[in-house]
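Chains, contacts and geometry: an overview
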Amino acid sequence: MKIGITCYPTYGGSGAVATELGLELARRGHEVHFISYAQPFRLDHFRERVYFHEVEMDHYPLFEHPPYSLALAVALHDAARKHDLDLVHMHYAIPHATSAWIAREMLEGDHPLRIVTTLHGTDITLVGLHPSFRAITRFSILRSDGLTAVSAFLKERTVRDFQVPAERVRVIPNFVNPEVFRRDKEPCHRAVLAPAGERIVMHVSNFRPVKRIPDVLEIFARIARRVPARLVMVGDGPERPRAVELAGELGVEDRVVFLGKHPSVDELLACADLFLLPSRNESFGLAALEALACGVPVISTDTGGLPEVVRHGETGFLFPPGALDEMAEAGLALLSDDGLWARFSRAAREDAVARYSLDRIIPLYEQLDQEVLEGGGGP
Ligand code: GMT
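Residues numbered from 1 in each chain as written. Predicted model: local features only at pLDDT ≥ 70, side-chain atom pairs only at ≥ 80, totals over all residues. Heavy atoms only, no water.

Quick look at the side chain of Asn-206
- On the secondary structure map, Asn-206 appears in the loop between strand 8 (199-204) and helix 8 (213-224).
- With a relative accessible area of 15%, Asn-206 lands in the buried category.
- If sequence neighbours within four positions are ignored, Asn-206 has contacts with Tyr-11, Gly-12, Lys-211, Asp-236, Gly-237 and Pro-238. (Helix = DSSP H or I, 4+ residues; strand = E, 2+ residues; numbered from the N terminus. Buried < 20%, exposed > 50% of the residue type's maximum accessible area, 1.4 Å probe, protein only. Contact = heavy atoms within 4.5 Å.)

Describing the sheet that holds strand 7 (residues 169-171)
- Taken in spatial order, the seven strands line up as 3-2-1-4-5-6-7 in an open sheet, and their pairing is parallel. The two strands at the open ends of the sheet, each matched to only one other strand, are strand 3 (50-54) and strand 7. Neighbour-to-neighbour, the strand axes of this sheet turn through a mean angle of 25 degrees, independent of strand direction.
- Bridge count for strand 6 (residues 146-149) against strand 7 is three bridges, and the pairing is parallel. Directly across from Thr-148, in strand 7, lies its bridge partner Arg-170.
- Relative to the sheet, helix 6 (residues 152-162) contacts strand 5 (114-119), strand 6 and strand 7, its axis offset from that of strand 7 by approximately 165 degrees. (Pairing = 2+ DSSP bridges. Axes fitted to C-alpha atoms, helices over the stretch in contact; angles between N-to-C directions.)

Quick look at the site of the ligand
- Close to the ligand lie 16 residues, the nearest being Gly-13, Ser-14, His-120, Thr-122 and Glu-282.
- The backbone of Ser-283 places a nitrogen or oxygen atom 2.8 Å from an oxygen atom of the ligand.
- Contact between the ligand and Phe-284: an oxygen atom at 3.1 Å from a main-chain N or O atom of the residue.
- Each of domain 1 (2-175 + 358-373) and domain 2 (190-356) gives at least three residues to the shell around the ligand. (Near = heavy atom within 4 Å. Polar contact = N/O pair within 3.5 Å; in protein donor to acceptor, adjacent residues only side chain to side chain. Domains from an automatic or database assignment.)

Topic: the packing of helix 5 (residues 134-143) against helix 6
- One way to put it is that helix 5 packs onto helix 6 with a least axis distance of 11 Å and a crossing angle of 120 degrees. The hand of the helix 5/helix 6 crossing is left-handed. On helix 6, the residues that touch Arg-134, Thr-137, Arg-138 and Ile-141 of helix 5 are Thr-158, Asp-161 and Phe-162.
- Class assignment of the residues belonging to the contact of helix 5 with helix 6 gives a composition of two nonpolar, two polar and three charged. (Left-handed = near helix turned anticlockwise from the far one by under 90°. Nonpolar A, V, L, I, M, F, W, Y, C, P; charged D, E, K, R; others polar.)

Concerning the domain arrangement of the protein
- Taken as a whole, the protein is organised into domain 1 (2-175 + 358-373) and domain 2 (190-356).
- One C-alpha centre belongs to domain 1, the other to domain 2; they are set 30 Å apart.
- Carbon and sulfur atoms make up 56% of the area that domain 1 and domain 2 hide from each other, which totals about 1500 Å².
- A per-residue breakdown of the area domain 1 buries against domain 2 is headed by Tyr-11, Phe-153 and Asn-174, which together make up 41% of the total.
- Connecting domain 1 to domain 2 are one salt bridge.
- The closest approach of N and O atoms between Glu-290 and Arg-42, which form a salt bridge, is 3.3 Å.
- Counting across the domain 1 and domain 2 interface gives six residue pairs in polar contact (both at pLDDT 80 or more). (Buried area = accessible area lost by both parts, 1.4 Å probe. Salt bridge = Lys/Arg side-chain N within 4 Å of Asp/Glu carboxyl O.)

So, the packing of helix 8 against helix 9 (residues 240-249)
- As a packed pair, helix 8 and helix 9 sit with axes 9 Å apart at the nearest point and diverge in direction by 25 degrees. As the angle between them shows, helix 8 and helix 9 are arranged roughly parallel. Between helix 8 and helix 9 the crossing geometry is right-handed. Here Ile-213, Pro-214, Leu-217 and Glu-218 of helix 8 lie close against helix 9, whose contacting residues are Ala-243, Leu-246 and Ala-247.
- Each residue belonging to the contact of helix 8 with helix 9 can be placed in one class, and the counts come to six nonpolar, no polar and one charged. (Parallel < 35°, antiparallel > 145°, perpendicular 65-115°, else oblique.)

As for the pairing of strand 10 (residues 256-260)
- Residue alternation in strand 10 divides its side chains into a buried set, Val-256, Phe-258 and Gly-260, and an unburied set, Val-257 and Leu-259.
- Here strand 9 (residues 229-234) pairs with strand 10 via four bridges, running parallel. Pairing of Leu-231 across the sheet is with Val-256, part of strand 10.
- Note that the unit made of strand 9, helix 9 and strand 10 has a crossover that is right-handed. (Right-handed = clockwise from strand over helix to strand, strands pointing away.)

Some thoughts on a nonpolar patch on the surface
- A cluster of nonpolar side chains, Leu-126, Val-127, Phe-133 and Ile-136, forms an exposed patch at the surface whose accessible area comes to about 300 Å².
- Relative to the helices and strands, Phe-133 is located in the loop between helix 4 (122-125) and helix 5.
- Classification of Phe-133 by relative accessible area gives partly exposed; the value is 32%. (Patch = residues over 30% accessible without salt bridge, like charges linked within 9 Å, V, L, I, M, F, W, Y side chains within 5 Å. Areas by Shrake-Rupley, 256 points an atom, 1.4 Å probe, with all protein chains shown as cover.)

In structure tokens, the structure reads:
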């Protein structure tokens, strides 16, 4: 197949999933064209059958808000014609699904372009619900030939809040490459991150308010009072300045390191002992899955799709948002009992590989794409 993929290229789960999916499809013999305003952050090496097309934008002074959706539609239209694309796969509905629909309309039937849209999270639970986007989001996702959601939770929200027929949405969960995300990795950064042999607590995200970054620091401060530990904060975003400030207020600034955006999260997760994800909502929680695959027990909230990913009492612990004492106690229990930690670590790895390895999930996308090309595409 010849497949176009559009995603947000910046640091974030939907871009990571879209890129890994494209690379894996190319490895399996498909031709993949990424179409976005910048090169996706995990598209860092030359790969056979993988192409990148940058969406050209002219910054005309009249436009306070440059119309990216239109430029993307033109780029999709041009790529579809020039490279004879069979289908385009849009990751995150807004505005990608709308641009794809415009591109198909522009082709005027001379090229039967199929559209698959994968819903990732706030395109349905937050931004998509805003009155300025709700109608166009519903319209565009209903025009997609194939529609997937990354968790059962997200499917349920799509059906409930956008009145999309349940049979139109197929759940295809996110996936992980167990060869990349594993514990026994070289180089090991443990000696650098925790020079005195402290336990390593980690958080990876784009530091947006939905991640409840202050809770990460509050939980860590409670843990660090009783166990020698270091907190490694990976990623960047609007909440970072406040997080740095709070680390000082809590008296743990010398035990917290902010690494910023890191291209090889796998190398860092491989030496973590505990992963914290206390988000207000999370339709899946890709970072949690990547931690589990590295044998890192996860403490997270019990919201959104997280209970589908983290098994409470087996691979981690789940609590309501804001239950800081409970999360800290659960973390302390794991970090101060080697036997318990080893049991959770083993179960985390096994469960992540058994349910979410890319060998299991990628064929589900290939199957959907094939069905869409043949004129089907329901669940
Ligand atoms: O929806 C978002 O806020 C953006 C998106 C991203 O690009 O990071 O995150 C969502 O998609 C990820 C990949 O499918 C999921 O792992 C995240 O849980 C989800 N974020 C939210 O639901 C807040």
